[in-house]
Amino acid sequence: MTISNYYLPQGREVEIFKGAAANGLPVMIKGPTGCGKTRFVEYMAERLGRKVYTIACHDDLTASDLVGRHLIGAEGTFWQDGPLTRAVREGGICYLDEVVEARKDTTVVLHPLSDHRRILPVERTGELLHAHPDFMLVISYNPGYQNLMKGLKPSTRQRFVGLSFNYPDADREVLIVCQESGAEKNVAQQLVALGNDLRRMKDHDLEEAASTRLLIYTALMINSGLTAKEACSVCLVEPLTDDLATQQAIGRLIDVHF
Amino acid sequence: MEEFIGDLWHRVVTRQAQTDYPDAQVELAVLTPQLAPFYRAMGGSPGKVLEASQPRAFNTQRRLVQRIAGTHRRFSVSWQDERSVRLPPSLALFPERDINEDLYFWLTALAAKQSYLQHWFIDNLRASYELLAEKPGLKKTYNRLVSAVINQRELLTGSSGADQEGEMAIRQALRDPGCIQSLPRTKVGLLPVPLWLYPPPMQIVSIDSEDNLDECESGMATVSQIYGSRKEANRIDDSKETDGLLIFQLESLFSWTEQVELDRCQDEDDEDNLASAVEDLDIISLSRQRRAGAAKVKFDLDLPSVHNDELPVGDGIKLPEWNHQKSQLVKDFCLLQPMLADDAVPVAIPEHLNRTACHLKNRFAKLHLQRQWQYRQPYGEELDLDAWLDNETSPVCSQEEQPCFKARTANARELSCLLLADLSMSTDSALNADQRVIDVIRDTLLLFAEALSGSGDQFAIYGFSSVKNKQVRYNLLKNFSETYSDQARGRIIAIKPGFYTRMGAAIRQSTEILKQQKSQQRLLLIVSDGKPNDIDHYEGRYGIEDTRHAILDAKRQGIQPFCVTIDDKGNDYLPYLFGSQGYALVNDVSRLPTLLPKLYLNLVGLNS
């Protein structure tokens, strides 16, 4: 079987995920933005031969957005399964991206699915769904933001197997940037070195570190004909900060690398 | 006339000897906002600051005109120690401005690369070599700098000289930092190399001459600040019997740099003279004998006189305190005295904060206007189809009319925030040459108030300090019911550091105030610079346990406490007090004023 999604493991996350899948346990993935959480889930789904139902969470997300709702059709009203219900029925990975963005009362729907019961009561239709053996629940979030109003309830957290992600080490990151963008190795090496320099500025000068995703974007832009400096300016400086002095400092840093 | 001619001669000869390019001068102070992030990104320690270095004397071979003019004897070179990186206060070595700028960035990169210096020549070469190998983009800049430096050295030293060999070795080393391994011995010192870092100035072995009169620490009545670069300092043994007596022998007058007997602590009035003396001195020797003049003794334990103090409001509030040894809450143990600075003058926002305040206010004002859909409304702009469908398909269908509209309304956040600031004596400590911790806290409170007044969120600001359990001072700066005005701003500006940190009582009182607010969410934000402590038994475990008890109690009452601290040892006790998610440690204190509003947005979930 060929896998179309490229993923380079950083540790034993593949084995852990497989173990959780085999035991029907839900998984929680923590990590900074752009470090490969979503890619990992897609890759694992492909390896396990399961479909992924991705839900990008936001604070207006209601339980019926997950479970389903009645809609009006030509024949009158009919019931439409939500992505969670579909995954529960058909078997697949239900992936809730940035789950802390959803309100806490919404995530409570997940409770009966994420413990030994593995059931989903659908109140509207009066159904009690038992999860398909291939159903798996995966949530992800970025623990970097301190937020009192948002966050997972301890009772929700305690139902998951936790995986913590971070940006890959330099050698791996070079491989990833080359693979994803088709950039030459020396360009990728300089980009990764620049990315690691920028990561040192986190907390002091930058709110968030330069992600692997941003480095890949930069490499792609260099491939399509921009000079390295231009590409870095549009893909790294602008997305990372609005502060003029910090922008100028990053500009100097780019000059040092290219 | 004599003076006039002398002055003229000085100017003419100095201009003749001058080799700098004042038109291309670059100031360190202007570039620091760029250099500091650059330094950190290049791997420099985030705790170090960038400061201006002092000129130091070099025994170099000078040309006649330079000797006559008395120039080129002292040079500002770059160096670093555990605390800071010192760069020349300004650079005008080269005729082009951007080369001078490049030199600053090169020196910063080198300082980040080379954390210690064992052998000046070899370590600089090695660091330069490694830096150029790691950062290929630097090569171009480096080559440009090297050719400019070599040009300048040719100009300064000429092509002939006693130490051609050493000079040539340096030039060769600059051109190719990878090749030379040692520097030939020279009789006369070589010109300093502006591209390299130098070791910290020689320190005289310190002699312990400190005595234990710690109480007089802030004895000076007025402190005049000498701005600009930091002076080199060393300690001398000043414990001899002949204090203050200058043995005056005409034939052996001490020169300024050798030793000047200034018994600073016992001087009474000549602050001005001292300030000018400080500017003239290269090295300042300090001895610690803190027997300050009687007029300047200030006991911080004493409370201010009634006339100078703020207005106490009421007779005080009795509050309990947790005694962890007995595991019981001792009733009415503390007396909290609300204070109001009634004589504070109403003021507008200070000049230096104006821009940031405007920016924050605008940003927060947008939140004020944020409108959100409200569902299941009895009337509204659009039909709420979901609500209608839900109602139609509900297993238990209600016959009554259901609210089936959605309306867009300005979202009034049900949020009250009380900001509690630590005003204890420890906030009086100096942060840098011209700021104390209290100044940063003051700016923080001001900006926070400006921001929140923009958003329309309910907020109050209080400060606290204490002297034992009977005098917990709780300063009202802005309460929930008053609108934020120049009056409140005046009170914030008037805050003064003093006394100790009995945090538990202040938190209990804040909890009481917040409880009276009817908002759904109530946030207690504490800004502090250290552990809870007081001069009685309220320190160490006792203080921490009492504070923790007060916080747990606040949480039980539905209040969310959050602590922002600048205490770098905060990681030891804060998780125990506030929980792992309940605090933030600010490393760079100067960023606290702008960080706090951001943190507030994160906390209330509006920054996504």
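Keep in mind it's a predicted model, so treat the numbers as computed, not measured.

K.L.:
Got a sec to walk through the overall build of chain B? Specific residues and values, please.
P.N.:
A count of helical and extended segments in chain B gives 16 helices and 24 strands. Here chain B holds 608 residues, and 46% of them are scored as buried. When contacts within chain B are restricted to residue pairs at least 6 apart in sequence, long-range pairs at least 24 apart make up 72% of them. Carbon together with sulfur atoms contributes 51% to the accessible area of chain B, which is approximately 32,000 Å² in total.

K.L.:
Please set out the nonpolar core residue by residue, giving values where relevant.
P.N.:
Grouped together as the largest cluster of nonpolar side chains are 81 residues, with contacts concentrated most on Leu198 of chain A together with Leu103, Trp106, Leu174 and Leu195 of chain B. Setting aside residues no more than four positions away along its own chain, Leu198 of chain A makes contact with Leu206, Ala210, Leu236, Leu240, Ile250 and Leu253 of chain A. One finds Leu446, Phe448, Ala584 and Leu603 of chain B within the second-largest nonpolar core, a separate group that totals 44 residues.

K.L.:
With reference to specific residues and values, describe the side chain of Asn475 of chain B.
P.N.:
On the secondary structure map, Asn475 of chain B appears in strand 21 (residues 472–478). Setting aside residues up to four positions removed in sequence, Asn475 of chain B forms contacts with Glu310, Met339, Leu423, Ile461, Tyr462, Gly463 and Phe464 of chain B.

K.L.:
Quick rundown of the interface of chain A and chain B? Include the residues and the values.
P.N.:
If you look at the interface, chain A gives 31 residues, while chain B gives 46 residues. Both faces considered, chain A and chain B share a buried interface measuring about 3,400 Å² in area, 53% of it formed by carbon and sulfur atoms. The interface formed by chain A and chain B holds 4 salt bridges in total. The partner of Arg252 of chain A in a salt bridge is Asp102 of chain B, and the shortest N-O contact between them spans 2.7 Å. Joining chain A to chain B, the criterion identifies 8 residue pairs in polar contact (both at pLDDT 80 or more). Secondary-structure elements contributing two or more residues to the side of chain A that touches chain B are strand 3 (68–73), helix 9 (185–199) and helix 12 (244–257) of chain A. A per-element tally of the side of chain A that touches chain B places helix 12 of chain A first, with 8 residues. Broken down by class, the residue content of the side of chain A that touches chain B amounts to 10 nonpolar, 8 polar and 13 charged.

Analysis parameters
- Residues numbered from 1 in each chain as written.
- Chains lettered and ligands numbered in written order.
- Predicted model: local features only at pLDDT ≥ 70, side-chain atom pairs only at ≥ 80, totals over all residues.
- Heavy atoms only, no water.
- Helix = DSSP H or I, 4+ residues; strand = E, 2+ residues; numbered from the N terminus.
- Buried < 20%, exposed > 50% of the residue type's maximum accessible area, 1.4 Å probe, protein only.
- Contact = heavy atoms within 4.5 Å.
- Areas by Shrake-Rupley, 256 points an atom, 1.4 Å probe, with all protein chains shown as cover.
- Core = buried A, V, L, I, M, F, W, Y, C linked by side-chain atoms within 4.5 Å.
- Buried area = accessible area lost by both parts, 1.4 Å probe.
- Salt bridge = Lys/Arg side-chain N within 4 Å of Asp/Glu carboxyl O.
- Polar contact = N/O pair within 3.5 Å; in protein donor to acceptor, adjacent residues only side chain to side chain.
- Nonpolar A, V, L, I, M, F, W, Y, C, P; charged D, E, K, R; others polar.

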